[in-house]
Structure formats: C-alpha cells, structure tokens
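Architecture and fold: a report
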Amino acid sequence: MDPILVVFSGGQDSTTCLMQAIKERGAEHVHTVTFNYGQRHALEVELAAEIAKEQRVASHKVITVDWYRDITSNALMDTETPIQREADAPFPNTFVDGRNALFLLTAAIYAKSKGIYDLMIGVSDADYSGYPDCREVFVRSMNETLNLAMGCTFNIFAPLQHLTKAQEWALADQLGCLEYIRERTLTCYEGIPGDGCGKCPACQLRAYGLNTYLASRHD
C-alpha cells in the first residue's frame, strides 16, 4: 500500500480526510503534517497532534512558518482584526493569501524526503466561502506545478472537493466517525472545539451542514 501525507489542521475537513485515508490505506500508511503559521489559536496545532496520536498514524510532523505573518495580514492571523466580509470584498477577510499553495508545496517537499508521493488536502469548492485556493482548478494546477518543480509524480487527493457540508457529515457518518469529528475537531474562529461558539461564519456553516444531514437521515 502506498503511503499518503494528509495536510492536517485538526478541523472538520482535514479530520474527515484523515479518517478516509486511514480507512482506505490503514493508519500505518498514513502520515500527517500540521502547519503552525501564526493562526489565531495555538490549540488548533495541539488538537491536530492529539488526534494524530489517537488515530495512531505512522508519523505526525509540525512545520512552523513563523515568518508568514510578517508578509500578510488577515483576520485568521491578527486577533485585533474582527472577522467579517465587506459588501464589496471578493472574499472574507479570513482568507490567507497563498496558504494552500504554501502548505501543498511545503508538504510535497517534506513528503518527497520520506518517499511519499500521495498528498491529501481537505479543500472544497462547494463551500469554499470565496477562497480561490479551494477550487478544483487550483488543486489541479498545483498538482501539475509540483510535478514540474520537483521532477516527480505527485498525486493530490481532495476527496471533499465537490461535497457540501451536509454531504461531508454524511461521509463522516459512513466512515463511522461523525461523533468523533463533531466532538474532537476545531473549526470555530473563536477557538472553541466541538460545536464551537455557534456564531462565527465557520460555526454557522458547520452547524447548517450537520443539521441538514441529520434532518435528511430521519426523513
């Protein structure tokens, strides 16, 4: 079985990806990488490490890119900036310029050093909130760029690419980990694990998807 490296934040999306990778390949073939990039809540990095340990993955790596916040500004990295979306803005101020490109490039470099050429990331263009680096066209382009840049063949898997949040919860249920993901992951912009604050955009999207899925399950 080929090994795979999951870009892992400890949130709903990446944990769902992790569970799928484990189901498909076995935990002994799954590796995780988490980025400490100056995000609002250090708890995100801590939870990712805890989940990786609980799921007994082959290895877990934390990569710190502490220079990132020196070259860009956004509400996810600046606690003094309120989370919002201006009426005329192309996307919310929680968008972090180049984040998924940086993560995938760095993950690929790390993966190649371990003989791993399969990468997984939890992006979705169905619920991407206007983030340009969550679109399928970006993932395909990045895959080609990595292959050209490093002279090898990477395969980027984005199993949530076309799923709504409701469908994502359905997938978690099929994988037998809905309650685990609901209780253990951190999606909330206020840094509250589980169901979170219930008020921020991330919590509202997560709750809407969960409630939609649960309602459909009982129809």
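Above this note sits the structure.
Below, the structure is looked at part by part. What you see is a predicted model; the values in this text were computed from it and never measured. (Residues numbered from 1 in each chain as written. Predicted model: local features only at pLDDT ≥ 70, side-chain atom pairs only at ≥ 80, totals over all residues. Heavy atoms only, no water.)

Another point: the overall build of the chain. Broken down by element type, the chain carries 7 helices and 5 strands. Sequence-ordered secondary structure for the chain, helices as α and strands as β, is β-α-β-α-β-α-β-α-β-α-α-α. Among the 219 residues that make up the chain, the fraction classed as buried is 49%. Sequence-distant contacts, at least 24 apart, represent 71% of the contacts inside the chain between residues at least 6 apart. With the model as given, the accessible surface of the chain reaches about 10,500 Å², and the carbon-plus-sulfur share is 50%. (Helix = DSSP H or I, 4+ residues; strand = E, 2+ residues; numbered from the N terminus. Buried < 20%, exposed > 50% of the residue type's maximum accessible area, 1.4 Å probe, protein only. Contact = heavy atoms within 4.5 Å. Areas by Shrake-Rupley, 256 points an atom, 1.4 Å probe, with all protein chains shown as cover.)

Take the pattern of salt bridges next. Counted under the stated rule, the structure contains 8 salt bridges. Across the pair lysine 165 and aspartate 13 runs a salt bridge, and its minimum N-O distance is 3.2 Å. Of this pair, lysine 165 sits in helix 5 (residues 165-174) while aspartate 13 sits in helix 1 (residues 12-25), and the two are 152 residues apart along the sequence. Under the relative-accessibility criterion, lysine 165 is labelled buried at 9%. According to the relative accessible area criterion, aspartate 13 is partly exposed, its value standing at 24%. Here aspartate 195 ties to arginine 182 by a salt bridge, and the two come within 3.1 Å at their closest N and O atoms. With aspartate 195 in the loop between helix 6 (178-184) and helix 7 (201-217) and arginine 182 in helix 6, this pair connects stretches of sequence that are 13 residues apart. Ionic contacts of the salt-bridge type, sharing partners, join the residues Asp13, Lys165 and Glu168 into one network. (Salt bridge = Lys/Arg side-chain N within 4 Å of Asp/Glu carboxyl O.)

Okay, helix 3 (residues 99-113) next. Owing to its 3.6 residues per turn, the α-helix aligns residues three or four sequence positions apart on the same side. Between the first and last C-alpha of helix 3 there are 21 Å, a value that for 15 residues agrees with the 21 Å anticipated at 1.5 Å per step. Turning to helix 3, its buried residues number three or more, namely Arg99, Asn100, Leu102, Phe103, Leu104, Thr106, Ala107, Ala108, Tyr110 and Ala111. Residues of helix 3 that are buried in the fold lie against strand 1 (4-7), strand 2 (30-36), strand 3 (59-64), strand 4 (118-120), helix 4 (136-150) and strand 5 (155-157). Within two residues after helix 3, glycine 115 carries a phi angle of roughly 75°, on the positive side. (Expected span 1.5 Å × (residues − 1).)

As a further point, take the packing of aromatic side chains. This model, assessed by the stated rule, comprises 5 aromatic pairs. Each ring, one from tyrosine 37 and one from phenylalanine 103, has its centre 5.5 Å from the other, and the planes form 65°; the classification is edge-to-face. Taken together, the residues tyrosine 37 in the loop between strand 2 and helix 2 (43-54) and phenylalanine 103 in helix 3 connect sequence positions 66 residues apart. We classify phenylalanine 103 as buried; its relative accessible area is 8%. Summarising the aromatic geometry, the rings of tyrosine 117 and phenylalanine 154 are spaced 5.6 Å apart at their centres and angled 45° between planes, so their arrangement reads as tilted. Taken together, the residues span a long stretch of sequence, with tyrosine 117 in the loop between helix 3 and strand 4 and phenylalanine 154 in the loop between helix 4 and strand 5 at a distance of 37 residues. A residue is classified by how much of its surface remains accessible, and tyrosine 117, at 32% relative accessible area, is partly exposed. (Phe/Tyr/Trp six-rings, centres within 6.5 Å; stacked < 30°, edge-to-face > 60°.)

Take the nonpolar core next. By size, the foremost hydrophobic cluster in this structure holds 39 residues, and its most contacted members are Leu5, Val7, Phe35, Leu104, Leu119, Leu146 and Ile156. Elements represented by at least two residues in this core include exactly strand 1, strand 2, helix 3, helix 4 and helix 7. Counting residues per element, this core draws most heavily on helix 3, which supplies 7 residues. Here leucine 5 is in contact with His31, Thr32, Val33, Ala107, Tyr110, Ala111, Ile116, Asp118, Leu119 and Met120, once residues within four sequence places are set aside. (Core = buried A, V, L, I, M, F, W, Y, C linked by side-chain atoms within 4.5 Å.)

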